[in-house]
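Chain residues, written in single-letter form:
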Amino acid sequence: MAQQNNSSINTGDVTFTLNGSEHTFSGDLSTPLLWVLREQVGLQGTKFGCGAGLCGACTVHLNGAATRSCVLPIAAVAGQQVISIEGLSDNLDHPVQKAWLELDVPQCGYCQSGMIMAAAALLEKKPDATDADIDRNITNICRCGTYQRVRQAIHIAKDADEGGES
Amino acid sequence: MTSLHQRDVSRREFLKRSGASAAGLALVVNLPAMTVLSACDSDVATSASLGPWILIEPDESVTIYLGQAEMGQGVYTGLPQILADELDIAWDQIRVKAAYGAEEFQTNLNGYVAQFVGGSLSTSKFYLPLRQSGAAARQMLTQAAANRWSVSASDCYTEQGVVKLKDSDNVLSYGVLALEASELSVPESPNLKKKSEFSFIGKSMPKLDTAMKSNGSAVFGIDVQIPEMLYATAKASPVMNGAITSYNEDEVLALPGIRGLVHVPLNYNFSVPDSVIVVADSYWQAKRGADALELIIDGGYNQGVSTESLKSAYEEGMQASGSVAVSVGDAKSAIENAEISIEAEYDVPYLAHAPLEPMNATASVKDGKAEIWAPIQNQSYTHYALSETLKLDFVSIAINTTFLGGGFGRRTTPEFVVQAALASQAVGMPVKLIWSREEDMRQDNYRQAYSARLKGGIDDKGNLLGLDARVVAQSLFGQIMPDAVQNGVDESTVEGLSDPLYDFENLYVDTVNVEAYVPLGWWRTIGRGPNAFFLESFLDELAHAGQRDPYELRRDLMQKNPRGLAVLDAAASAAGWGVKSVNGHFQGIAYHPYIARDKTWTTHAAHVVEVSVSESGVLKIHRIFCALDCGTVVNPRLVEAMIESSVVFGLTAALKSEITFKDGVVDQSNFHDYRMLKMAEMPEIETVILESDEVPGGTGEAPMPPLAPALTNAIFAATGKRIRSLPIEKHDLRST
C-alpha cells in the first residue's frame, strides 16, 4: 500500500444544489457525494451498500439522471443539481412512491431509496417504459427480493401518470 | 369526546405535578433501571401503560411495543396487527416502537431464553401472548368505562378504540379511560375473539413501515446520529481468526481526520475477530485510514485454508465412519436387495449472508455507562456481550434496536457492537462504526459447505424401498453451542433428511463433522436448504430410474401427510403439471416441510419451476409456482412477500453463490464477485397460500428449501443434465 500523506489529498470548496438549496462542502475533494449527503448535509435516506457502484443503494438524480453517488467524487458535483430521495416529493406523493405504498413494495427497505430514485429517473426518461426498459435500467440489488413488486409498481406509476412527470 | 378530554386534563395535570410516574401506573414492567423502553415522547403522567406491550396516549394513539427486530420479514406490521385486533382499535391508531427488556419480549427456544429474532419463530411465539395482552387490555378498558357509568361490564362493548354502553349514547375513548384502566387488575384468561370476529387477522392490512421506507426517513443502524459522534471503520485480520501482531500505527494516526486507532482483541465467545478500529471525523477519512493500515498477521490454524484443502477435508469425511442420526427399518438391506439401486453425491458451497446494509453499530460509552444503537437480531446476547467486554453491569447498558437492512441470521452475533463500544470507550466519544462491504464479505460467519452421498433402492414399479444418506459438513453447533451436539450428531447438519414427512419404511441417515475452522453462523434455512436440495434431487433421480412421474412418486409417499400433500397438489395444479413440454419449457417439482426447531409448528412448501435451456446452454427461468401452508395466516400480503423473498434468496444461492478461500482468506469482496440476482433475471412468481386453522407457522425461511431442487430438476427435464453441485452457473448446459 503506497504511503499517503496530507499533501496527496486535495482539499477545497465545492458548491452544489441539493433538493433546490445550495450547499457548500469544504474538505477532501475525493469524498464521494454519498458521504457528503449523509455526513456533512446530514440526510440519511441515500444508503451505503457497497462503495463500488455495484448495488445502487446510493442512487440520486444528478441533473435528472440516475447516478450512483458512492463513486462520484464531490469535486465532480460542483455547480450541479442533485436530488436525493428526500427531495423527490414533499409528501410521498411522487407517482412512484404512491405505487410503492399501494403494493407495499419494501421489505427491509434498505435498497428502496435507490430503487425508487432509479424508477423515477426511468419514468422521467421513458414515460412508456416497457419490461425490457425496466430490465435494462433497474439494475439495483435487492437482497430481500422485492423485484416482482418493484416491477409491478413501476407499471402502476407509469399508468397513473400517462402524461409524464410533473 | 372533546369535552371529556378537557374534563380529564385537570386530573392529568395533577398527576404530572405530583410527580406520579408511569411506573406507578404500569401493570407488569420489570425492567432494570437503565433499560430504555424507547421512552415515549409525551409526558409519562399523561399516557398509560397497559402491560409491557401497550401505551395509550390521550390523543388516542396506541403505541404497540415491538420486541422482535424488523429485518424485512414484516413483524413491524404483523405482530402489532395481532394485538390491535384483540384490543379493538382502528388501524391508524397504531404507532410501533422497538423495545427491549421486559420478560414478555423473550422467547424460550428449547430452553434458550432471550429476546431475539430468528428461526422464523416470531409469529408462532407471540401470536397467543399478543392476543391475550390485547384482549386483557380491552377488558380492562371496558371495566374502567363500566365503573364510570356504574354499570356492569357486560352492558358495555368496544368498537375501534371506544367503549360504548348498550342502548345508550354513552361513549368513552380508550385515551380517556387508559389511566383508570391501567390501575385495574389484569384478567388472567381474557376472552379471545372468534375467527369470525377478526377485524385485522387474516387480512392484508397495509404495512406500517412502507411510508418511511419510501421517503428515506426509516432509521437503520447506519443512519443513527448522536451529537458529537465520531465515525469508524474496522479492519480485522483477513486470515479468518488470525492474530494481528503489529501494524503501522503512527503512519495511520498521521492521516487527516484520524482520531484514534483501537485494537480490539479476538474473542471467540462473541465472534469478535482480532481487529483495528480506525476512528475519524468522517467515514471517508476512517476508510482512508483503514486502507493505509498494514496489518502484520499471524494466520494461525487457518493460514493454509483454501477451497481445495476444505474440499479434501470434506472428501475425507465422506469416507470416514459416521454417527447415526436416524435408523428406521433396514435401509441397507432394502437397497442391497432392490431391483434397481442408484447412488449419487451432491455438494453445496460455503455462502455469505451479504445483507445490503453492511455491519454497523453506534455506541456511546462514558463514565461507567453505555448506550448502543444498532441493527441487531439478538438483544439479550448483545447485552451480555457488552457487559462482559466493557466490564460494566447489565443495568449500566442500554440497548436500542433500529431497523435492520436485512438479517438472514447475520446479525445474531454481537461483534460489530462490541467493536463500536470498545472504540467509544477508548476514545471517550460516541462512535458510529461502519464496516466496508469488503470487510462485511470477508468477516462473515458463513453458511458452511455440505456434501452428501445418497443411495436408494426401488422395485420394478419404481416404488421406493430404502434410502441411505450420509451428510458431511463442518459443524455449526460444534462451533457455537457444542453441548447441542449429541452422539456426534449435529442436528443442523442433518435436518431436512433426518425428519422427512415422507413415508419412508427404511431410512438410514448418518453424518460426519468435518474438522475445519471457517467461522460459521446461522444462515437462512440452516441445514434445510442443503438437505432439501439433496433429498429432492435424489427423489427425482429415483423417479427417473423407476420411470415414474416425480410428482406422482411424491404423492405416493405423502399419503400420511395430508397438509404436505395438499401443498404439493396445489403447486402442481397451479403449474399445470403433467404436460410434457410446452414451447420448449420444462418443469421440475420439489417439496419440503420446515419443521420448527422446537417442533411446535410446521410450514409446508412446494415449488414447480419452469425453465427452458437453449442449445448454447443459456438457462431461462420463466415461472415459479409456490404453494405454502403456514397454518393460520395473519397477513396474506406479508406471507406472499416472504415467498417472493425466499425465491429470490434461494435462486441467488442456487444459481450464483460460492465463497472460496486462499491462504486462509476469503476470495470474494464485493458484489462483482459475489453476484446477486437482479431484476432482469427474475422469473414470474405465482403464489398459492393454503387456508388453515393450524397454529401460525414461520414463513421467512420455509419457502426456500424446495427452490434449488425444483430448479435443477427442471434443468434435468430440459437437458438430461443432472446438476448435483451448486452453484448452477459453474456448469455448462450446452447440448452436447
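Keep in mind the model is a prediction, meaning the values are calculated, not measured. (Residues numbered from 1 in each chain as written. Chains lettered and ligands numbered in written order. Predicted model: local features only at pLDDT ≥ 70, side-chain atom pairs only at ≥ 80, totals over all residues. Heavy atoms only, no water.)

### Comments concerning the packing of helix H4 (residues 122–149) of chain B against helix H5 (residues 174–182) of chain B
Residues and elements named next belong to chain B. The geometry of H4 relative to H5 is characterised by a closest axis approach of 9 Å and an angle of 90° between their N-to-C directions. Between H4 and H5, the crossing angle belongs to the class labelled roughly perpendicular. Of H5, the residues touching H4 (which contributes Arg138, Met140, Leu141, Ala144, Ala145 and Arg148) are Tyr174, Val176, Leu177, Ala178, Glu180 and Ala181. When the residues that make up the contact of H4 with H5 are grouped by side-chain class, the tally is nine nonpolar, no polar and three charged. (Axes fitted to C-alpha atoms, helices over the stretch in contact; angles between N-to-C directions. Helix = DSSP H or I, 4+ residues; strand = E, 2+ residues; numbered from the N terminus. Parallel < 35°, antiparallel > 145°, perpendicular 65-115°, else oblique. Contact = heavy atoms within 4.5 Å. Nonpolar A, V, L, I, M, F, W, Y, C, P; charged D, E, K, R; others polar.)

### Focus on helix H19 (residues 636–655) of chain B
Residues and elements named next belong to chain B. Its 20 residues give H19 an end-to-end C-alpha distance of 28 Å, which sits within 8% of 28 Å, the value for a rise of 1.5 Å per residue. By the criterion of burial, H19 is predominantly enclosed, with 19 of the 20 residues buried. The N-cap residue of H19 is asparagine 635: its side-chain oxygen and the backbone nitrogen of arginine 637 are 3.1 Å apart. (Expected span 1.5 Å × (residues − 1). Buried < 20%, exposed > 50% of the residue type's maximum accessible area, 1.4 Å probe, protein only. Polar contact = N/O pair within 3.5 Å; in protein donor to acceptor, adjacent residues only side chain to side chain.)

### Focus: helix H2 (residues 95–103) of chain A
The complete set of buried residues in H2(A) reads Pro95(A), Val96(A), Gln97(A), Ala99(A), Trp100(A) and Leu103(A). Along its buried surface, H2(A) packs onto helix H3 (112–125) and helix H5 (147–160) of chain A together with helix H6 (210–214) and H19 of chain B. Positive phi shows up at Asp104(A), right after H2(A), with a value of about 50°.

### Thoughts on the interface of chain A and chain B
Opposite the 55 residues of chain A that make contact, chain B presents 70 residues. When the two sides are added together, the surface that chain A and chain B hide from each other amounts to roughly 5,100 Å², 56% of it contributed by carbon and sulfur. Counting the contacts that link chain A with chain B gives six salt bridges. Between Asp28(A) and Arg288(B) there is a salt bridge, with its nearest N and O atoms 2.9 Å apart. At the surface where chain A touches chain B, the tally comes to 28 residue pairs in polar contact (both at pLDDT 80 or more). Only helix H1 (33–41), H2, H3, helix H4 (131–137) and H5 of chain A provide two or more residues apiece to the side of chain A that touches chain B. (Buried area = accessible area lost by both parts, 1.4 Å probe. Salt bridge = Lys/Arg side-chain N within 4 Å of Asp/Glu carboxyl O.)

### Thoughts on a nonpolar patch on the surface
Residues and elements named next belong to chain B. A cluster of nonpolar side chains, Leu266, Tyr268, Tyr301 and Tyr517, forms an exposed patch at the surface whose accessible area comes to about 420 Å². Following the sequence through the fold, tyrosine 517 ends up in the loop between strand E23 (507–514) and helix H16 (528–545). Take tyrosine 517: its relative accessible area is 41%, and that puts it in the partly exposed class. (Patch = residues over 30% accessible without salt bridge, like charges linked within 9 Å, V, L, I, M, F, W, Y side chains within 5 Å. Areas by Shrake-Rupley, 256 points an atom, 1.4 Å probe, with all protein chains shown as cover.)

### Section: the confidence of the model for chain B
Interpretation of this model should avoid reading the predicted coordinates in detail wherever pLDDT is low. All names here are of chain B. On average, residues of chain B score 93 in pLDDT, and 93% of them reach the 70 mark or higher. Counting interchain partners and residues more than four positions distant, the pLDDT-below-50 stretch residues 1–45 has 75 contacts. As scored by the predictor, the complex reaches a pTM of 0.93 and an ipTM of 0.95. (pLDDT = per-residue confidence, 0-100.)

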